[in-house]
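# Structural overview
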Amino acid sequence: MAARQVSVRDGQLIAGPAPAPPVAPAAEEAPPAVPAPATVTEPGAPDNAIARTSDVPVGGGVIVGNTVVTQPNAGSFVGLSVVCTHLGCAVNDISGGTINCPCHGSKFNLDGSVAAGPATRSLDGREVSVQGDWVVSGAGDPSAPIPPPKPWWCEIIPPGCLGC
Ligand code: FES
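Residues numbered from 1 in each chain as written. Predicted model: local features only at pLDDT ≥ 70, side-chain atom pairs only at ≥ 80, totals over all residues. Heavy atoms only, no water.

So, about the environment of Ala-144. Residue position: Ala-144 is located in the segment after strand 12 (134-137). Once the C-alpha coordinates of Ala-144 and Thr-67 are considered, the two residues, 77 residues apart in sequence, prove to be 9.7 Å apart. (Helix = DSSP H or I, 4+ residues; strand = E, 2+ residues; numbered from the N terminus.)

Spelled out as structure tokens, the structure:
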């Protein structure tokens, strides 16, 4: 005769296999970090200032709100959107001479052109200029919310269909 398992549930004996212990729900994958809104509140800063020129390294850049500001060459500042042209994640790192997307590994040169895919299109430009010691934004709100990334199927579905 086979042994039968007995367990206690709510003070009652229950024949049969013991209930499986509760399984903790899988931890949700943390969304990629989104840059903080662009705010420069220092006295003397122009209203539309997004960074001190001295905070933007030559051969690198900074991410402020929805804008990437790079300085490919000394004194030459470039403004770009943080929205990756692959599926719309926000780029969140500038290192090794490229602007890097955390979602699928696209890399962009400091002028916004594609250095490595899967993205095939340059980052969109954003108007910036220099006013004194400050990089200031032109048209557009650098603190406007960044739209959510597109779903994976947008790689194969034409734009305008199924949320793509
Ligand atoms: S969304 Fe940036 S690499 Fe896919």
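Looking now at the sheet that holds strand 5 (residues 67-73). Reading across from one edge, 4-5-6 is the order of the three strands in this open sheet, with antiparallel pairing throughout. Bordering the open sheet on either side are strand 4 (61-64) and strand 6 (76-81), each of which pairs with just one other strand. When strand polarity is set aside, the average angle formed by the axes of neighbouring strands in this sheet is 20°. Inspection of the sheet shows strand 5 paired to strand 6 by five bridges, in the antiparallel sense. (Pairing = 2+ DSSP bridges. Axes fitted to C-alpha atoms, helices over the stretch in contact; angles between N-to-C directions.)

Next up on the list: the confidence of the model for the protein. The predicted coordinates of low-pLDDT regions are not to be read in fine detail. Averaged over all residues, the pLDDT of the protein equals 80, while 75% of them reach at least 70. Ranking the elements of the protein by mean pLDDT puts strand 1 (residues 6-9) last with 42 and strand 9 (residues 107-108) first with 98. Low confidence marks residues 1-28, where pLDDT is under 50. Its contacts with residues over four positions away, or in another chain, come to 18 contacts. (pLDDT = per-residue confidence, 0-100. Contact = heavy atoms within 4.5 Å.)

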